[in-house]
Amino acid sequence: MPEYEFADVYVPRGVSRKETARLLTDHAEYGHWELYRLTLMRDGSRRVRLRRRIIRQVRATW
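Residues numbered from 1 in each chain as written. Predicted model: local features only at pLDDT ≥ 70, side-chain atom pairs only at ≥ 80, totals over all residues. Heavy atoms only, no water.

### Topic: the packing of aromatic side chains
Across all of its chains, the model carries one aromatic pair by this definition. Here Arg 51 stacks its cationic end above the ring of Tyr 4, 4.2 Å away from the centre of that ring. (Phe/Tyr/Trp six-rings, centres within 6.5 Å; stacked < 30°, edge-to-face > 60°. Lys NZ or Arg CZ within 6 Å of the ring centre and 35° of its normal.)

In structure tokens form, the structure reads like this:
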């Protein structure tokens, strides 16, 4: 079963959808994050939860 690392991002209500999409695209492209959950709050702000897979190196034995 894969292990994931999570990051929470808060986007205030004044930020447009286009700017939010660009922010999340940058996280995905450069940090290898993927969108896990996006919550739109009543005041217009967004809480975004990102995740990325943790790749563990297996030690080689000789």
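Once the structure has been displayed, the description carries forward.
### Regarding the nonpolar core
Counting six residues, the largest nonpolar core consists of Val 9, Val 11, Leu 24, Trp 33, Val 48 and Leu 50. For this core, the secondary structure elements donating two or more residues are β1 (3-11) and β3 (46-54). (Core = buried A, V, L, I, M, F, W, Y, C linked by side-chain atoms within 4.5 Å. Buried < 20%, exposed > 50% of the residue type's maximum accessible area, 1.4 Å probe, protein only. Helix = DSSP H or I, 4+ residues; strand = E, 2+ residues; numbered from the N terminus.)

### A word on a nonpolar patch on the surface
Taken together, Tyr 4, Phe 6 and Tyr 36 make up a surface patch of nonpolar side chains, about 270 Å² in accessible area. Within the secondary structure layout, Tyr 4 lies in strand β1. (Patch = residues over 30% accessible without salt bridge, like charges linked within 9 Å, V, L, I, M, F, W, Y side chains within 5 Å. Areas by Shrake-Rupley, 256 points an atom, 1.4 Å probe, with all protein chains shown as cover. Salt bridge = Lys/Arg side-chain N within 4 Å of Asp/Glu carboxyl O.)

### Thoughts on helix α1 (residues 17-31)
The first and last C-alpha atoms of α1 sit 20 Å apart over 15 residues, in line with the 21 Å expected at 1.5 Å per residue. Listed in full, the buried residues belonging to α1 are Thr 20, Leu 24 and Gly 31. Along the axis of α1, the buried positions cluster into a sector of 70°, meaning they face one direction only. Facing away from the buried surface of α1 by more than 90 degrees, the exposed residues are Lys 18, Arg 22 and Tyr 30. Looking at the buried residues of α1, the elements they touch are β1, β2 (34-40) and β3. Following α1 by one or two positions, His 32 adopts a phi angle in the positive range, close to 60°. (Expected span 1.5 Å × (residues − 1). Arc of directions from axis to C-beta. Contact = heavy atoms within 4.5 Å.)

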